[in-house]
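# An overview of the molecular structure
The primary structure of each chain is shown beneath.
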Amino acid sequence: MIEDYDIVGSYNAQRYLPFDSERTINMFEYIDPDGKKPKALFPTSGLINTNSNFSAQIGGFRAQFVFNDLMYMVIGDKLFARNLSGATSIKGTLNTSAGYCGIDANTYQVIIVDGLNGYIYDTIAETFTEITDTAFPTVPIDVCYLDGFFIVANGGTNAFQLSSFNQGLVWGGSPGNILSTIPYTGTATTDLLTVSSTDNFQTGIAVKVGVGLPPGTQAVPLVAGTTYFTIRISPTTLKLATSYDNAIAGIPIDLTVDSIGNVTLTNSGQVQQGAITSHPGTIVACRTLHRRLFLFSQFFIEGWENAGAGTNLPFRRNNAMLIEVGTPAIGSISVGFDRMFFLSQDRDGISSVMQVDGITARPVSNRALDFQIAQYASDPIIGVKDARGILIKENGLIFYRLNFTNADHTYVYNVSMSDEQTVRWHEEQTFRGNRHPAQTHAFFDGNNYYGNFAKAILYQVDSNTYNNAGENIPRIRIGKPIVPKTYQRIRIDRFQLDLVQGDLSQINDPNINQSFYPYPIVYLSQSKDGGQTYGYEIPGPMGAVGQRTFRTLWRKLGATPRGQAWVPQIKFFNNSLFVVLGASIAYEVLPE
């Protein structure tokens, strides 16, 4: 009996392998109803080390973000920027060196939060400043941007807070006050204003001067009600400038007469704070999609919208947008291409990987993946809190990558080739079987870039490269089981793979001993117990360059025991193109 063997498939390794042991590693399913066969396995992209200069920085990538022709990268405790010519430079130093970082930008400021502090990189002034505003959240675990405001989630509470409009250094009033208004003393000989603290008056912040009670007299030429900009000199002194540009350039107003009596200085901030209260719980993350603000708790998500109402908080909760799952892993949330993905959980346990298209969430992980993630979650050492999600679009195809560092595994959801009825996942791993090195992602100057999870290495993603920065990529497919309906033995006479043959890339692989095998080799190993164990690897050549009609096949593969399924495993290790178009099998059902 000769028939088509459905070798093409995705990850579906069930909890009991004799039921289904299917795996697809470093390949993904591509669907085309008009193709030679309606589906095929294409190779995943390789990585090119950009050899970027990160000044011997220690630690892996924590965040990547593109803004105004620069790619910003948080690596260890440093913020780097890479320009269009590939040059890198250090822009600032954080107070932490590991863990998740939230990053976003307004019109001219890049904000970073690391769970301990917040930081602003001013792209105009090219200054890196720790946020010292006394109203800033004490545990800033995540940040996003919407309609002119930075929104920061305050960890350990149910609260979130908005920055001043288009100003990430201003977050509210001084302690005990709605606004940051403090007395000042102006000195003409030094042009200095002396205050109790400049924590709420970093350089470049818009301020106004006023009077107290009884009213005093402003330092000349300052005028009450006029907007000025601060130049922070010390923890208790500052100067004023007539414009933001002058403040950044350090050009102060020349004071000619000292101030007298009760005069005040007020910044533009006011407390703008909200809370998630649908259920008990603390806030763990914030994201925006379709101009909606999604506020994550461990077990639920609230949706907020800019209602333009109120004097101190323009956002209002939309009760129709409540999602009854939250997330155990802030890093798993990824937004892009009009979608949002995250690893979910509710009060009853770990749930599925979810996709949000509008205001509702739907599961996109299959039962095999849900089971595996549940095993990670049940292990107190491994867990799932370190899950890190990446969205990427390669050659028109969208993928959501989900990395588990402690579990040392990477799963990838093929967004473009999936639908609500059929979800397609595959695995990606290194040559030695470890998790894929990609931890963060940015699309910059027409190319996709990944940051390494453990080292200061920036990779360019390239679909025409068949190795990971010089290390060969193993391509592995474990197929579907074959067993007669009445459980007789079967004898496998021939197994043939339909591959793209004769490609020019199939020569000069420095990592393969080509004196022993002059052509790329595909290895077949068989399981005759339903995928629990596999026999020795049988080599099958792909043929020489130009041999496009060459056939890769294996003959006389033996028989299975009664009641056992036959499962093929194919492996390919060469640094060359490997596309699986289909397969066929010739076998005989043996008599009892």
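This text follows the structure it describes.
Sequence order sets the numbering: in each chain, residues are counted from 1 along the sequence as written. The predicted nature of this model means local features are confined to residues of pLDDT at least 70 and side-chain atom pairs, given and counted, to a pLDDT of 80 or more, with totals for whole chains, interfaces and linings taken over all residues. Hydrogens are left out, water is left out, and the side-chain values use all remaining heavy atoms of the structure.

On to the side chain of His441. Along the chain, the position of His441 falls in strand β37 (residues 438-444). Contacts described as polar in this section are N or O atom pairs within 3.5 Å, which, within protein, must combine one atom able to donate a hydrogen with one able to accept it, while residues neighboring in sequence count only if both atoms come from side chains. Of note is the side chain of His441, whose polar atom sits 3.3 Å from the backbone oxygen of Leu391. At 2.7 Å, the side chain of His441 forms a polar contact with the side chain of Asn448. Every residue in contact with His441, bar those within four places of it in the chain, is listed here: Gln64, Ile390, Leu391, Ile392, Asn448, Tyr449 and Tyr450. Note on conventions: DSSP H or I runs of at least 4 residues are helices, E runs of at least 2 residues are strands, and numbering of each starts at the N terminus. Working rule for contacts: check all heavy atoms of both residues, and any pair within 4.5 Å makes them a contact.

Attention shifts here to the pattern of salt bridges. Working definition: two side chains of opposite charge can pair if their charged atoms are close together. Whenever a carboxyl oxygen of Asp or Glu lies within 4 Å of a side-chain nitrogen of Lys or Arg, that contact is scored as a salt bridge. All chains considered together, the criterion is met by 18 salt bridges. The salt bridge involving Asp6 is made with Lys39; its shortest N-O contact spans 3.2 Å. Taken together, the positions of Asp6 in the loop between β1 (2-5) and β2 (23-25) and Lys39 in strand β4 (residues 39-43) put the pair 33 residues apart, joining distant regions of the chain. By relative accessible area, which is 23% here, Lys39 ends up partly exposed. Via salt bridges that share partners, Asp6, Glu22, Lys39, Arg477 and Lys480 belong to a single interconnected network. For every residue, the accessible area (1.4 Å probe, protein chains only) is compared with the maximum for its type, and the residue is labelled buried under 20%, exposed over 50%, or partly exposed between those bounds.

The next point concerns the sheet that holds strand β15 (residues 149-154). Pairing within the open sheet is antiparallel, and its four strands lie in the order β14-β15-β16-β24. Sheet topology places β14 (140-146) and β24 (273-275) at the edges, where each strand pairs with a single neighbour. Looking at each pair of strands side by side, their axes are set apart by 25 degrees on average, direction ignored. Paired strands, in this sense, are two strands between which DSSP finds at least two bridges. Looking at chain direction, β15 and strand β16 (residues 159-162) are connected through three bridges and run antiparallel. Its bridge partner being in β16, Ala153 is matched across the sheet by Phe160. Here, axes are lines fitted to C-alpha atoms. For helices the fit covers the stretch in contact, and angles between N-to-C directions go from 0 to 180 degrees.

With a 1 Å grid spanning the protein atoms alone, the term cavity applies to any set of points in which a 1.4 Å probe fits but cannot get out, the term pocket to an open set with protein on both sides within 12 Å along at least five of seven lines, and the term lining residue to any residue with an atom within 4 Å of a point. Grid points are joined across faces, edges and corners, and a volume is the space filled by probe spheres set on the points. The space that makes up the largest pocket amounts to roughly 860 Å³. Forming the walls of the largest pocket are 29 residues, and the residues nearest its centre are Gln64, Phe65, Ile103, Val335 and His441. Elements with a contribution of two residues or more to the lining of the largest pocket: β6 (61-67), β10 (102-105), β14, β25 (283-289), β29 (334-336), β33 (388-394) and β37. When residues of the lining of the largest pocket are assigned to their parent elements, the largest contribution, five residues, is made by β37.

The end-to-end C-alpha distance of helix α2 (residues 367-378) is 16 Å, a good match for the 16 Å that 12 residues give at a rise of 1.5 Å each. Burial in α2 covers these residues: Ala368, Leu369, Ile373 and Tyr376. Here the buried residues of α2 occupy an arc of 125 degrees about the axis, which is enough to place them on one side. For α2, the exposed residues set more than 90 degrees away from the buried face come down to Arg367 and Ser378. Looking at the buried side of α2, the elements it contacts are β30 (339-346), β31 (349-356), β34 (397-404), β35 (409-414) and β36 (425-427). The span expected for a helix works out to 1.5 Å for each residue beyond the first. Directions pointing from the helix axis toward each C-beta atom define the arc.

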